[in-house]
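The chain contents come next:
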Amino acid sequence: MKKEILNFKVNGTPYEIEVEPQMTLNEVLREQLNLTGTKISCAEGECGACTVLVDGKPELSCSMLALAARDKDITTIEGLAKDGELHKIQKGFIEKGAIQCGFCSPGMMLMIKALLDENPNPTKEEITAYIAGNLCRCTGYVKIIDAAKAAAEA
Amino acid sequence: MNKEFTAVGKRITQKDVVLKATGEAIFVPDVKLQGQLWGKILHSKYAHAKFTIDKTRALALPGVVCVITYEDTPKIPYCRSFRDMPMTASGQLQHSDEFILADKARFVGDPIAAVAAVDEKTAEAAIELLEADVKYEVLPFVIDPRDALKPGAPVIHDYSPNNNPVNSTPPPWLAIGDLEKGFAESDLVVEDNFYCSRQIQSHLETQSCCATVDSNNKITVYSPNQLAHPFRRELGKMFNHPVGKINVVTPYVGGSFGCRLSCHTEPICVMLALKTRKPVKLVNSKEEDFTTIDARTPHYLHAKLGLKKDGTLHAMELNVTTWGGGYVSRAMLAGGIMLIWGLGHYRCPNMNGSCKLAYTNTPLGGAMRGFGNPEVMWGIDQLMDRACVELGLDPVEMTLKNTKHAGETCNTGLPIESTYIDDCINEGAKAIGWKEKRGKNKGGTKTLKRGVGMSTMTHCSGAWPLLLEHSGAIIKFNEDGSANLIINPGSPGTHIYGSLSQVAAEVLGISVDDIYVVAGETEKTLFDLGSHASRSMYVTGHAVRIAAEEARKELLAYAAKMLAETPDDLDIKDGQVFVKANPGKKISVAKVSATAIYGARGDGHTISGKGCFVPHHNSPPTAAYFAEVEVDTETGVTKVLNFVSAVDCGKAINPMTVEGQCEGGVQQGLGYGLTEDYVFNPATGATATGNFTTYKIPGAPDMPLETKIIIIDKPDPKGPFGAKGVGEPGLVGIAPAIMNAIHDAVGVRVTDLPIKPEAILKALKEKASK
Amino acid sequence: MFRTLKPFEYLEPKSLEEATGALSKCGTEAKVYAAGVDLVPRMRKRIIAPKCIVNLQRIDEMDDVIASNKDGARIGALASLRSIELSALIKERYFVLHEAIASIASIQVKTQGTAVGNLCVATPASDVAPALFVLDAKIKAVGPSGERLIPIDEFYLGVGKTVLGPNEIITEILLPKAPANTGGGFAKLVRTVSDIAKVNAAAELTMEKGVCKEVRIAVGSVAPTVLRMKKAEDVLRGNKIDQNLIEKAASAAADAVKPITDIRSTAEYRKDTTKVLVKRVLEKALERTKA
């Protein structure tokens, strides 16, 4: 199949790359751009491990064709820290013990980023509801919620 | 040790967590090797079938490098959960009944062929061609173990014509007294049949592997396996390959909970690498994980308890039928270990039991967190609660009557080193508000009824004396006074590197920040059995302690020379070696280490230490669990409002890690109890719940509104710095505590896991019609 | 079992004419792409294998605007579920739709996915559909021969099947104006919050002096399509509403459904809880007519 040109921004960097139309955004990020911080698990939109921000909003890179990201601004976990300084959400996750195996963490942290951008002072209930589409098998979500609170207060 | 700890007991963060926070941490699916091919597996679509495969079309597809079937494999049977970890009590080995690719399909999902191709898309296209080119001869199949054990059932393995490869009985210390007499002497006998369900570990990182073979014939395998050294040995046997020429590399692992105890796609991936002489990467889809890995072994349990009027347990009988799967793997141990947990927990003078294992045409039974303990307590603690209700006793008080104490015989047959289970029960009951809430529908309404329930458990710290135990560790000082801790316990997200660093730092008198862990390669580390049976803190912890003590001795000896003192007069604190009687006289660890390494006087020496450890004791962690639920009597839906886990894990080396383990355990236990339901299609034997859309694990809003973890934090006499295991205890008693709370709320109970609203509503209707 | 998608031809039309033309040419081999939430996983699993994907996101005439108009309100076909959920207009005037979308747990699915996409999947477990049923929504579809309006309760034919032709594209959802003293409610039962419904129900009720002037009730996951509960509505319409009548209507709803047993639930449970949910959504709706 014919390759198509994809112009988009990832973590602020503009890219012009050739992609095969059947490639998902997840595949392009992981395999073509080597941004393997974005994970993939269920590949059907149920676990949230593949979450990235598309123009600042959380979406599922497993269920999106890469070409649908044309002209969009994508943020992956690699784009959260700036100039070597960890983002306050990353600090919160590290300090509160919210990361165990770490496989859900990139998606989780990007969700918290989207949440705090929408709602800088969320309640425990609002955080809980906001991460409903992100499965974690290690933490019972307790310390993830603590970390989100800590990041909001930081 | 009487002095105040500087590292142990602190809430520190393991260093590599930072890499997980930034996305830098490399998991197996992230590994990229130069010139790598992609592998893909063809799975049987029938539960039981012979087959022939025409490879022609797949091989002709541009980009396909090789296609393999059973004929291409070494045909050396293996056991995916490593048969060389014998039950030391019986000497019994796990059966080697599996080939790298199947000679006959024994379940839907059984790997029957594999391809390697230039990219994943081409490998998948080749699999689609192969799929169309398989000729199956479909055989009769059997799903349920009770059917598999009936005469005339389809034979799954020729060597086992009755599908019953093994039966187990309890070890001698648990087959005691006289059952018949015990029940006859009891004032109350309660019994029931329970179904302990197939729970999927639901780790997020799908099973993956990368394998390469170099021109020296050295095989390197990137695998999430958490028993790396035994895995290497199994690979050596499988391929008749010297283990010295095999390196198992374990990068970051995206969750295990038991699934990484076995090898899954690795043998196939290595086979493809050997055939193509190129690196091969093979990543499962989540559906492949659900349908091919060995999940928590399901069982049918018949449990019977006899009690005296005052609630004293007098007789217990457990009979188990174990659902093995197409190959037995760890299911072979599953029933036996269930008897050990179940019969070993409470004090009881008359006990016995049995276990029958059946081959079935289903995916394998394996181990998941707790391995048999959550299963057996699902039955026992429901019966205990039932007995309390019938005898008019309070479960808290009745449980306290039956708990064992230090010195009594533990589940493993060894004396209990320490147990603070009574503290767990008392503290947990207080935290949930037991007295105010039990039997009172406190805060409930006519249709939203509330109740509280409890459960308890005893587990293990490592598998001694039931299974092989052995861990090793090395400490190596660097010239800046930091030290490398070289270990390989497997780290599927348990923060064990951090906790072990705390042990090393405590012994060495340096900061945890100055301990750098080197791990994850079998060729660079001493033997460590790996991570299972809640053993790493307890067993590897001791190996680290010994290694650190040895390094400390070397350090003090060298420092003594430099300070012109004797080693016994020195101590280390905050990275400084000082004279105990004259703390002002000191020298930094960095200076000692650097001087030693760059020994300009010709006495160069790397300060180091090695520790190998086999425990000949087993300190059991214990715990009590309390649930407060609200049941909607119109829909049967249960909401867990509050959950309290009180754990006695000895000294908590890192309380934050202990909490994390237990909080995660609540999620898994809640799923086991309420939502996770693995279903087979009875017409085909195929898995009907093969991904997270159909198999539901709890999300954040499904969790209790409040989860409280109470750490008793009293040191054990035998554990390193008093620590016991804590990995598995987190989820053991969650489901029975919830069920007992539901009963307290609405007066009905169910015996099959998970507790579905459908079953509760039905039971409520039946109760109302009585 | 697969991880990659099979190759296909990718088209990105700029106009509806171009899009419907492309769909006419490719016929049943083509699928439209609006967000991918449902489509991409089904392609990965080889449930469908379209030869051609027509991306609707860059068509000039398509939009994601949610706005009131003289007849009520309209929702552009590209509007995400999340934007509808958060819309003040929807929350204020079509609360049942807000409540239904709010019950969908995954923020990502709602941010990426569209309401129209949700309808086109034609799952009987859709949460959006029952809400639109009781709001008496209409769907505007454009094909090569022009546009047509489809009442929502005539839209579905069965599981995965709608009346939409292979070359028709939905451009908007139209919601009629709600009369005064109208309230709605939605409820569902699930295994976990992120699961699709075992049973769901929606009701929209208009009251006048204690008498039910108009009512619509819909139930999902109990039949191959979402169902209007007309017999239950008849119990209420024109009558003074009290708890007794609500119970009667709920029983009529339960009598009207013939659900199946599957991995999510049993036929018996679905029937039993249809009654409970219909009762609960009617109670909520009644309460909200007073607001």
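Just above, that's the structure.
Here the residue numbers are simple positions, counted from 1 along each chain's written sequence. Lettering of chains starts at A and numbering of ligands starts at 1, both following the order in which they are written. Residue-level local features of this predicted model are given only where pLDDT is at least 70; pairs of side-chain atoms are given and counted only at 80 or more, and the full residue set underlies all totals for whole chains, interfaces and linings. Values reported for side chains reflect all heavy atoms of the structure, with hydrogen atoms and water molecules removed beforehand.

### Structural notes on the overall build of chain A
Here is the rule: Here a strand is any run of E in DSSP of at least two residues, a helix any run of H or I of at least four, and the numbering for each starts at the N terminus. We compute the radius of gyration from the C-alpha atoms alone; for a globule the expected value is 2.2 Å times N to the 0.38, where N is the number of residues. Partly exposed residues are those whose accessible area sits between 20% and 50% of the maximum for their type, while under 20% is buried and over 50% is exposed, using a 1.4 Å probe and protein chains only. Residue contacts follow a heavy-atom distance rule, with two residues in contact if any of their heavy atoms lie within 4.5 Å. Values of accessible area rely on a 1.4 Å probe in the Shrake-Rupley scheme; residue burial ignores everything except the protein chains shown. Charge counting follows a simple rule: Lys and Arg are positive, Asp and Glu are negative, and His as well as the terminal groups are ignored. Charge positions come from single atoms, namely NZ of Lys, CZ of Arg, CG of Asp or CD of Glu.
Of the regular secondary structure elements, chain A holds five helices and five strands. Order of helices (α) and strands (β) in chain A, N terminus to C terminus: β-β-α-β-β-β-α-α-α-α. Compactness check: chain A gives a C-alpha radius of gyration of 15 Å against a globular reference of 15 Å for 154 residues, within 12% of the reference. In terms of overall dimensions, chain A has a C-alpha envelope of 50 × 30 × 25 Å along the principal axes. A total of 154 residues make up chain A; the buried ones form 68% of that total. Summarising the internal contacts of chain A: among those between residues at least 6 apart in sequence, 53% fall at separations of at least 24. Entry remark: accessible area of chain A is about 5,000 Å², with carbon and sulfur atoms responsible for 47%. For chain A, the separation between the mean place of its 17 positive charges and that of its 22 negative charges on side chains is 4 Å.

### Structural notes on empty space enclosed by the protein
Residue and element names in this part refer to chain B. Convention followed: Residues are said to line a cavity or pocket when one of their atoms sits within 4 Å of a point; the points come from a 1 Å grid over protein atoms alone, cavities being sets where a 1.4 Å probe fits but cannot get out and pockets being open sets with protein on both sides within 12 Å along at least five of seven lines. Grid points are joined across faces, edges and corners, and a volume is the space filled by probe spheres set on the points. In this count, Pro and Cys sit with the nonpolar residues alongside Ala, Val, Leu, Ile, Met, Phe, Trp and Tyr, while Asp, Glu, Lys and Arg are called charged and the others, Gly among them, polar.
Scanning all chains against the criterion turns up nine cavities of 30 Å³ or more. Considering the residues around the largest cavity, the lining is formed by 49 residues, among which His 532, Ala 533, Ser 534, Gly 727 and Glu 728 are closest to the centre. Those elements giving two or more residues to the lining of the largest cavity turn out to be α9 (331-345), α14 (496-508), α15 (536-563) and α17 (655-675). Of the residues assigned to the lining of the largest cavity, the class counts are 24 nonpolar, 19 polar and six charged. In this structure, the second largest cavity occupies an estimated 130 Å³ of space. For the second largest cavity, the lining is made up of 16 residues, of which Arg 80, Pro 111, His 264, Ile 268 and Thr 292 are closest to its centre.

### What about the pattern of salt bridges?
The cut-off we apply is this: When a carboxyl oxygen of Asp or Glu is within 4 Å of a side-chain nitrogen of Lys or Arg, the pair counts as a salt bridge.
Taken as a whole and assessed by the stated rule, the structure comprises 86 salt bridges over all chains. The closest approach of N and O atoms between Glu706(B) and Lys124(A), which form a salt bridge, is 3.5 Å. A residue pair is termed interchain when its members come from two chains, as with Glu706(B) in strand β27 (residues 706-711) and Lys124(A) in helix α4 (residues 124-130). The exposure class assigned to Lys124(A) is partly exposed, which follows from its relative accessible area of 30%. Between Glu98(B) and Arg80(B) there is a salt bridge, with its nearest N and O atoms 2.8 Å apart. In this pair, Glu98(B) sits in the loop between β3 (64-69) and β4 (111-117) while Arg80(B) sits in the loop between β3 and β4, placing the two residues 18 residues apart along the sequence. The two residues Glu98(B) and Arg80(B) agree in class, both being buried.

### Brief notes about the sheet that holds strand β1 (residues 9-11) of chain C
All names here are of chain C. Convention followed: Should DSSP find at least two bridges between two strands, the strands are taken to pair. Lines fitted to C-alpha atoms define the axes, with helix axes restricted to the stretch in contact, and inter-axis angles between N-to-C directions lie between 0 and 180 degrees.
Pairing in this open sheet of three strands is parallel, and the strands run β1-β3-β2 from one edge to the other. For this open sheet the edge positions go to β1 and β2 (30-33), each flanked by a neighbour on one side alone. On average, each strand axis in the sheet is inclined to that of its neighbour by 20 degrees, with strand direction left out of account. Pairing of β2 with strand β3 (residues 52-55) involves four bridges; the strand directions are parallel. Paired with Tyr 33 across the bridge in β3 is Asn 55.

### Section: the nonpolar core
Put simply, the rule reads: The nonpolar core is taken to be a set of buried Ala, Val, Leu, Ile, Met, Phe, Trp, Tyr and Cys residues, with the residues joined through side-chain atoms within 4.5 Å. The source of the domain bounds is an automatic or database domain assignment.
Core analysis: the largest hydrophobic core is formed by 168 residues, its most contacted members being Phe93(A), Met316(B) and Ile738(B). Take this core: its biggest share by element is nine residues, from helix α18 (residues 734-746) of chain B. Two domains each donate at least three residues to this core, and these are domain 1 (4-79) and domain 2 (88-153) of chain A. If we ignore the near neighbours within four places in the chain, the residues touching Met316(B) are Leu179(B), Phe183(B), Lys304(B), Leu305(B), Gly342(B), Leu343(B), Tyr346(B), Cys348(B), Asn350(B), Met351(B), Asn352(B) and Ile380(B). Counting 54 residues, the second largest nonpolar core, distinct from the first, contains Cys26(C), Val116(C), Val134(C) and Ile139(C).

### Some remarks on the packing of α15(B) against helix α16 (residues 589-597) of chain B
Residue and element names in this part refer to chain B. Heads up, the rule is: Note on angle classes: values under 35 degrees are labelled roughly parallel, values over 145 roughly antiparallel, values of 65 to 115 roughly perpendicular, and the remainder oblique.
Taken N-terminus to C-terminus, the directions of α15 and α16 make an angle of 90 degrees; their axes are 10 Å apart at the nearest point. Of the possible angle classes, the one that applies to α15 and α16 is roughly perpendicular. Side by side, α15 and α16 meet where Leu 555, Tyr 558, Ala 559 and Met 562 of the first sit next to Val 589, Lys 591, Val 592, Thr 595 and Ala 596 of the second. A breakdown of the residues in the contact of α15 with α16 according to their chemical character gives seven nonpolar, one polar and one charged.

### Considerations on unusual backbone geometry
A cis amide bond, omega 0 degrees, links Trp464(B) with the succeeding residue Pro465(B). Note on placement: Pro465(B) falls in the loop between β17 (448-458) and β18 (471-477). The step from Leu753(B) to Pro754(B) runs through a cis peptide bond, and the omega angle for that step is -10 degrees. Along the chain, Pro754(B) turns up in the loop between α18 and α19 (757-769). Phi is positive for Asp71(A), close to 65 degrees, though the residue is something other than glycine. Tracing the backbone through its elements, the reader meets Asp71(A) in the loop between β4 (57-60) and β5 (73-75). When its relative accessible area of 62% is taken as the criterion, Asp71(A) is described as exposed. Located in the positive-phi region is Lys75(B), a residue other than glycine, with phi close to 60 degrees. With respect to the helices and strands, Lys75(B) occurs in the loop between β3 and β4. Note on Lys75(B): relative accessible area 38%, which makes it partly exposed.

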